[in-house]
Amino acid sequence: MRKKNVVLQKVPVLDYAAEGKAISRVEGKVIFIEGAVPGDVVDVQLSKNKKEWAEGKAVHFYELSQDRVPAFCEHFGVCGGCKWQMLPYEKQLHYKQQEVEQNLRRIGKVALPAMEPIVGCEQTTRYRNKLEFTFSNRRYLLPNEISSQEVVPQENALGFHIPRLFDKIIDINTCHLMAEPTNAIKNTIRSF
């Protein structure tokens, strides 16, 4: 299983891990999966494959979790800013609390009393007062644009870095994290 370009097939997703990744086990090996939620059954394209663990991205879905909801952002899955939009907010809070407790108990070795549940925000969109955007003279092409084999003109972009690729900028039309009129200002600057 340590070969390159490995695709694990029909992997049942068991739980959430840190940083918005899901977790599973295949032949005793821990697999961290981007783009999946507990309850999904997926094929996983591995990007890192170590002896004890691997990580990859869900590339095909056989079954979708009953917990899934439609993402509200057109950039979801590419921009990387909102990793859990496919889960209801209550489930997001549940998994975030689980992560905090595990980090304190397992990693920090802290004996914890019973914890109160996380108090969620009243407003789950348009709550940020600061975001940093980047300009580029070459817009990042989405996978469907590359596979279409159409000639895409070189375009300017104003948006976010693709996760882990600081030279790739995705052009953001609407970011649901910031209140208006910020999107209108950003889009006007891009046009200018």
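That block above? That's the structure.
Bear in mind that the values here come from a model prediction, so they are computed numbers and not experimental data.

Enquirer: Please explain the sheet that holds strand β9 (residues 165–171) as it appears in this structure.
Expert: Across a sheet, paired strands are connected by hydrogen bonds in the backbone, their directions being either parallel or antiparallel. As summarised here, the arrangement of the 3 strands in space is β7-β8-β9, forming an open sheet in which the pairing is antiparallel. Looking at which strands have only one partner, the edges of the open sheet turn out to be β7 (134–136) and β9. Across the sheet, the axes of successive neighbouring strands diverge by a mean angle of 60 degrees, strand direction being ignored. In this sheet, strand β8 (residues 157–162) lies alongside β7 in antiparallel orientation, the contact comprising 3 bridges. By the bridge assignment, T134 is partnered in β8 with G159.

Enquirer: Help me understand the side chain of N183 in this model?
Expert: By the element assignment, N183 lies in helix α3 (residues 182–191). Residues within four places of N183 in sequence aside, it is in contact with R126, N173, T174, C175 and M178.

Enquirer: For this particular structure, what's the right way to read the pairing of strand β6 (residues 53–63)?
Expert: Each regular strand carries side chains that alternate between the two faces of the sheet. Direction of pairing for strand β4 (residues 29–34) relative to β6: parallel, over a ladder of 5 bridges. The residue bridging V30 from the neighbouring strand is W53, located in β6. Alignment of strand β5 (residues 41–49) against β6, held across 8 bridges, turns out to be antiparallel. Looking at β6, one finds that V42 is bridged to F61. Counting the residues between successive antiparallel strands, the hairpin from β5 to β6 contains 3 residues.

Enquirer: For this particular structure, what's the right way to read the pattern of salt bridges?
Expert: Any two side chains of opposite charge can pair, on the condition that their charged atoms come close. Taken as a whole and assessed by the stated rule, the structure comprises 6 salt bridges. We note a salt bridge from K21 to E55, for which the minimum N-O separation is 3.5 Å. Residue K21 is found in the loop between β2 (15–16) and β3 (22–26), and its partner E55 is found in strand β6; the two are separated by 34 residues along the sequence. We classify E55 as buried; its relative accessible area is 14%. Note that R68 and D40 form a salt bridge whose closest N and O atoms lie 2.8 Å from each other. Placement of the pair is R68 in the loop between β6 and α1 (89–107) and D40 in the loop between β4 and β5, with a sequence separation of 28 residues.

Enquirer: Where do I start with the sheet that holds strand β1 (residues 7–12) in this structure?
Expert: The strand order across the open sheet built from 6 strands is β1-β5-β6-β4-β3-β2, with neighbouring strands paired in mixed fashion. The strands lining the two open edges of the sheet, one partner per strand, are β1 and β2. Judged from the 2 bridges that link them, β2 and β3 form a sheet pairing that is antiparallel. Residue pairing across strands places Y16 opposite A22, the latter belonging to β3.

Enquirer: Would you mind showing me how to read a nonpolar patch on the surface here?
Expert: A surface patch of nonpolar side chains, about 270 Å² in accessible area, is lined by V100, L104, V110 and M115. The topology assignment puts M115 in the loop between α1 and β7.

Enquirer: Could you clarify how one ought to interpret α1 in this entry?
Expert: The periodicity of an α-helix, 3.6 residues per turn, causes residues three or four positions apart to be oriented the same way. Between its first and last C-alpha atoms α1 spans 26 Å; for 19 residues at 1.5 Å apiece the expected length is 27 Å, and the two agree. Next to the buried residues of α1 lie β2. Positive backbone phi, at 55 degrees, marks K109, one or two positions downstream of α1.

Thresholds, definitions, all that
Residues numbered from 1 in each chain as written. Predicted model: local features only at pLDDT ≥ 70, side-chain atom pairs only at ≥ 80, totals over all residues. Heavy atoms only, no water. Pairing = 2+ DSSP bridges. Helix = DSSP H or I, 4+ residues; strand = E, 2+ residues; numbered from the N terminus. Axes fitted to C-alpha atoms, helices over the stretch in contact; angles between N-to-C directions. Contact = heavy atoms within 4.5 Å. Salt bridge = Lys/Arg side-chain N within 4 Å of Asp/Glu carboxyl O. Buried < 20%, exposed > 50% of the residue type's maximum accessible area, 1.4 Å probe, protein only. Patch = residues over 30% accessible without salt bridge, like charges linked within 9 Å, V, L, I, M, F, W, Y side chains within 5 Å. Areas by Shrake-Rupley, 256 points an atom, 1.4 Å probe, with all protein chains shown as cover. Expected span 1.5 Å × (residues − 1).

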